[in-house]
Amino acid sequence: MTTMKPDFFVNSLLEIPLDVLKDKGIQGLIIDLDNTLTNWNCSVIDKEICKWLADLEKQGFKIIIVSNNSSERIEASLSKLNLPYVPYALKPGKRAFLKAMKILGTTVNTTAVIGDQLFTDILGGKRLGLTTILVPPLNKKEFIGTRIMRKLEKIILSRYL
Ligand SMILES: [Mg+2]
């Protein structure tokens with residue numbers, strides 16, 4: 001069985017150890033949208049996070065948004081940011097991640113996934129052997145299905161931490 005243990009578990013996007021990722025050879029970052037970059041059901045990306053995204057690009061990382069959400073929702077969030085994205089990703093399916101790496105021109109060894117959910121972002125990344133980074137969800141208020149998943153996540157995470 002694929003383990004779901006994230007390679008990195010940080011308290012905020014801003015705490016992701018970029019130097020460590022660079023040393024590992026990571027060039028591309030696949031980033032989740034809902035509850036990773038934006039609050040659930042709100043399309044606005046915080047100024048601080050916009051600055052962090054711009055800084056990533058300055059540091060030479062290639063970024064792509066991979067989301068289970070619709071193109072409309074993703075475009076509403078990314079309006080001012082000129083980032084590529086893959087919508088309707090059906091994570092943890094592998095296809096969207098493979099497509100994202102093709103767009104970035106990176107490989108499983110040079111790509112990391114950043115997201116707030118074990119069962120979609122982390123599991124999807126793990127299935128392909130990508131580096132995985134779990135961040136806490138930005139907002140606690142979530143879709144009911146996600147809330148149930150959170151309880152299961154807690155049980156699994158408690159074994160890792
Ligand atoms: Mg999410």
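These lines cover the structure that appears in this document, whether it is placed above or below. (Residues numbered from 1 in each chain as written. Predicted model: local features only at pLDDT ≥ 70, side-chain atom pairs only at ≥ 80, totals over all residues. Heavy atoms only, no water.)

As a further point, take the side chain of Asp-121. Here Asp-121 shows up in helix α5 (residues 118–128). Here the side chain of Asp-121 touches Asp-116 through a polar contact of 3.2 Å, landing on its backbone nitrogen. A distance of 3.0 Å separates a polar atom in the side chain of Asp-121 from the backbone nitrogen of Gln-117. Not counting residues up to four positions away in its chain, the partners in contact with Asp-121 are Asp-32, Lys-91, Phe-97, Val-113, Gly-115 and Asp-116. (Helix = DSSP H or I, 4+ residues; strand = E, 2+ residues; numbered from the N terminus. Polar contact = N/O pair within 3.5 Å; in protein donor to acceptor, adjacent residues only side chain to side chain. Contact = heavy atoms within 4.5 Å.)

The subject of this paragraph is a nonpolar patch on the surface. Taken together, the side chains of Ile-148, Met-149, Leu-152 and Ile-155 define a hydrophobic patch exposed on the protein surface, amounting to about 350 Å² of accessible area. Note on placement: Ile-155 falls in helix α6 (residues 144–160). (Patch = residues over 30% accessible without salt bridge, like charges linked within 9 Å, V, L, I, M, F, W, Y side chains within 5 Å. Areas by Shrake-Rupley, 256 points an atom, 1.4 Å probe, with all protein chains shown as cover. Salt bridge = Lys/Arg side-chain N within 4 Å of Asp/Glu carboxyl O.)

For the rest of this paragraph, the subject is the environment of Asn-35. Along the polypeptide, Asn-35 turns up in the loop between β2 (28–31) and α2 (47–58). Sequence-wise, Asn-35 and Lys-58 are 23 residues apart; in three dimensions their C-alpha atoms are separated by 24 Å.

Here the focus is the coordination of the magnesium ion. In this structure, Asp-32 (OD), Asp-34 (O) and Asp-116 (OD) serve as the protein donors to the magnesium ion, at separations of 2.1 to 2.2 Å. Between the donor residues of the magnesium ion, the gaps in sequence give the motif D-x1-D-x81-D. Taken together, the residues Asp-34 in the loop between β2 and α2 and Asp-116 in the loop between β5 (111–115) and α5 connect sequence positions 82 residues apart. Asp-116 shares its class with Asp-34; the two are buried. (Donors = N, O, S within 2.8 Å, 3.2 Å for Na, K, Ca; no water. Buried < 20%, exposed > 50% of the residue type's maximum accessible area, 1.4 Å probe, protein only.)

This brings us to the side chain of Thr-132. Note that Thr-132 resides in strand β6 (residues 131–134). For Thr-132, the residues in contact, after removing those within four places along its chain, are Lys-5, Pro-6, Asp-7, Phe-8, Val-113, Ile-122, Gly-125 and Lys-126.

So, about the sheet that holds strand β4 (residues 85–86). Think of a sheet as strands paired side by side through backbone hydrogen bonds, with each pair either parallel or antiparallel. Taken together, the 6 strands give an open sheet; going across it, the order is β1-β6-β5-β2-β3-β4, and neighbouring strands pair in parallel fashion. What marks the edges here is a single partner per strand, and that holds for β1 (8–9) and β4. Summarising the sheet, strand β3 (residues 62–66) and β4 pair through 2 bridges and their orientation is parallel. Bridging across to β4, Val-66 finds its partner in Val-86. (Pairing = 2+ DSSP bridges.)

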